[in-house]
Amino acid sequence: IANFVVINSDSSCKRYKHLFQIGGGVKSPTGKHEIIRNGIMLNQNIQPGTGSFDFPLNAIYTLRHKQTGFNAEMGYIFNSPNNQHYQFGNRLTTATRIFYWKKVKQTIILPSIGMAFEKTKNDLISSIKQDYTGGEILIANAGFDMYYKQISLGVTYKKPVTESIGGGYIRSRQRLSANFIYLF
């Protein structure tokens, strides 16, 4: 994925700082997606890879006044069918968070809290909608990011608030994610 900066008003004479980025890319099928156990291929939903070329798009907006800020992100993934004719449902993700910006020497520290919403369309096999797939979830999250020069490290804890996934048969658990970003 490549993101491009559309607006960056990061100037000392501005009262509010705005940053708006848009991006997109291609995900190629490099992982395993045809694992067989006891002579039977595992269900597509539990394979480590999708086996498909997918096309993610995203937009990120950040507004900051002094040390307090607001961030909104939106992403959409267009999924294509794999060689088994299985197509994961396209996915919309949105997230907002409020953060506190603190600079300590050359490092920026950003603790944050927020909400995220994910909506996934039903999966398809040969263009036929599959039951017990797709759905939506609302998630509360708290995170911590650190930026040093062109490197960013972060960790986020996510807890489901409400959900309707797989026709109500699937329950999400708490999530913990970590990230590493190198900024060009």
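Being a predicted model, the structure only gives us computed values, none of them experimental.

### Some remarks on the overall build of the protein chain
Thinking step 1. Looking only at helices and strands, the protein chain has zero helices and 15 strands in total.
Thinking step 2. Seen along its three principal axes, the alpha-carbon backbone of the protein chain occupies a region of about 65 × 35 × 25 Å.
Thinking step 3. Buried positions account for 27% of the 184 residues belonging to the protein chain.
Thinking step 4. Contacts in the protein chain between residues far apart in sequence, at least 24 positions, make up 49% of those at least 6 positions apart.
Thinking step 5. For the protein chain, the accessible surface area stands at approximately 12,400 Å², while carbon and sulfur atoms represent 60% of it.

### Section: the sheet that holds strand S12 (residues 128-129)
Thinking step 1. The strand order S7-S11-S12 describes an open sheet built from three strands, whose pairing is antiparallel. Two strands in the sheet have a free side with no partner beyond their single neighbour: strand S7 (86-87) and S12.
Thinking step 2. In this sheet, S12 lies alongside strand S11 (residues 124-125) in antiparallel orientation, the contact comprising two bridges. Bridge assignment links Leu 124 to a residue of S12, and that residue is Lys 129.

### Here's the deal with the layout of surface pockets
Thinking step 1. Its volume calculated, the second largest pocket comes out at about 710 Å³.
Thinking step 2. If you go around the second largest pocket, you meet 34 residues; those closest to its centre are Asn 45, Phe 88, Arg 91, Thr 120 and Asp 123.
Thinking step 3. When grouped by side-chain class, the residues that make up the lining of the second largest pocket number nine nonpolar, 17 polar and eight charged.

### Some thoughts on the pairing of strand S6 (residues 68-79)
Thinking step 1. Bridge analysis of strand S5 (residues 54-65) against S6 gives 12 bridges, and the strand direction is antiparallel. Within S6, the position partnered with Asp 54 by the bridge is Asn 79.
Thinking step 2. Linkage of S5 to S6, two consecutive antiparallel strands, is achieved through a turn of two residues, within which Lys 66 is found at a positive phi near 55 degrees.
Thinking step 3. Relative to strand S8 (residues 91-100), S6 runs antiparallel, the two sharing 10 bridges. Residue pairing across strands places Met 74 opposite Thr 94, the latter belonging to S8.

### Quick look at the packing of aromatic side chains
Thinking step 1. Counted according to the given criterion, the structure contains three aromatic pairs.
Thinking step 2. Here Arg 64 stacks its cationic end above the ring of Trp 101, 3.9 Å away from the centre of that ring.

### Here we look at the pattern of salt bridges
Thinking step 1. Counting across every chain of the model gives four salt bridges.
Thinking step 2. Across the salt bridge formed by Asp 145 and Arg 97, the nearest N and O atoms sit 3.0 Å from each other. You can see Asp 145 sitting in strand S13 (residues 135-148) and its partner Arg 97 sitting in strand S8, a full 48 residues away along the chain. Each member of the pair, Asp 145 as well as Arg 97, is classed as buried.
Thinking step 3. Taking the shortest distance from any N to any O, the salt bridge between Glu 136 and Lys 119 comes out at 3.0 Å. Taken together, the positions of Glu 136 in strand S13 and Lys 119 in strand S10 (residues 107-120) put the pair 17 residues apart, joining distant regions of the chain.
Thinking step 4. Its relative accessible area of 32% is what places Glu 136 among the partly exposed residues.

Cut-offs and rules
Residues numbered from 1 in each chain as written. Predicted model: local features only at pLDDT ≥ 70, side-chain atom pairs only at ≥ 80, totals over all residues. Heavy atoms only, no water. Helix = DSSP H or I, 4+ residues; strand = E, 2+ residues; numbered from the N terminus. Buried < 20%, exposed > 50% of the residue type's maximum accessible area, 1.4 Å probe, protein only. Contact = heavy atoms within 4.5 Å. Areas by Shrake-Rupley, 256 points an atom, 1.4 Å probe, with all protein chains shown as cover. Pairing = 2+ DSSP bridges. 1 Å grid on protein atoms, 1.4 Å probe; cavity = no way out; pocket = protein on both sides within 12 Å on 5 of 7 lines; lining within 4 Å. Points joined across faces, edges and corners; volume = space filled by probe spheres on them. Nonpolar A, V, L, I, M, F, W, Y, C, P; charged D, E, K, R; others polar. Phe/Tyr/Trp six-rings, centres within 6.5 Å; stacked < 30°, edge-to-face > 60°. Lys NZ or Arg CZ within 6 Å of the ring centre and 35° of its normal. Salt bridge = Lys/Arg side-chain N within 4 Å of Asp/Glu carboxyl O.

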